[in-house]
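Structural overview for review
Here is how the chains run, residue by residue.
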Amino acid sequence: CGLWCVAVKIHYFTTDNSMSSYKEPSDVLKRLLLPPKNPSLSLSANYQWLVFTQEPPLPSIELLAKPEEKLAGIRFDPELLTPSRLDYATTLVLQHMKSGEKQEVQ
């Protein structure tokens, strides 16, 4: 456990531990426990484009707190009528294989 456990214990016991509201962890703990994911790579069907997608490290609290319904073992969003836990990308970059030119999709 070592030094890391000591740091977490000191942080835990020196902060206000009221259970009245959610509190964001410090930036140091976020960087330590929520590192960014590696980008996903895909190749187009004609092998001319490489697609880079970057996903967030974890779903947001707002996304996890949204109401969901269950039907036949599938959880879905009652407002959108879609699966409630969809994967999504925050960045999409296309790279041409021959020229190496990159285009960020916005």
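Now for a quick tour of the structure. Numbers given to residues run from 1 along each chain, matching the order in which its sequence is written. Local features are withheld for residues below a pLDDT of 70 in this predicted model, meaning they are given only at 70 or higher, and side-chain atom pairs are given and counted only at 80 or more; totals for whole chains, interfaces and linings count all residues. Derived side-chain values reflect all non-hydrogen atoms in the structure, with water molecules and hydrogen atoms excluded from consideration.

There is a patch of nonpolar side chains on the surface, built from Leu32, Leu33, Leu34 and Leu58 and spanning about 370 Å² of accessible area. For the exposure calls, accessible area comes from a 1.4 Å probe over protein chains only, and a residue counts as buried if that area is under 20% of its type's maximum, exposed if over 50%, partly exposed in between. Judged by its relative accessible area of 45%, Leu32 falls in the partly exposed class. For patch building, the residue pool is restricted to those with more than 30% relative accessible area and no salt bridge; the joining distance is 9 Å between like charges and 5 Å between nonpolar side chains (Val, Leu, Ile, Met, Phe, Trp, Tyr). Accessible surface area values rest on a Shrake-Rupley calculation with a 1.4 Å probe, where residue burial reflects the displayed protein chains alone. In the sections that follow, a salt bridge refers to a side-chain nitrogen of Lys or Arg positioned within 4 Å of a carboxyl oxygen of Asp or Glu.

Further remarks concern the pairing of strand β6 (residues 91-96). At least two DSSP bridges between two strands are required for those strands to pair. Here a strand is any run of E in DSSP of at least two residues, a helix any run of H or I of at least four, and the numbering for each starts at the N terminus. Where strand β2 (residues 49-54) and β6 come together, six bridges link them in antiparallel fashion. Across the sheet, Val51 pairs through a bridge with Leu94, a residue of β6. Between the antiparallel neighbours β6 and strand β7 (residues 102-105) lie five residues, among them Gly100 with a positive phi of about 80°.

Looking now at unusual backbone geometry. In the Ramachandran plot, Tyr47 falls in the positive-phi region, its phi being about 60° despite a non-glycine side chain. Tracing the sequence through the fold places Tyr47 in the loop between β1 (40-43) and β2. According to the relative accessible area criterion, Tyr47 is exposed, its value standing at 61%. Of note, the phi angle at Ala72 is positive, near 55°, even though the residue is not glycine. In this structure, Ala72 sits in the loop between β3 (69-71) and β4 (74-77). Residue Ala72 is classed as exposed on the basis of its relative accessible area of 78%.

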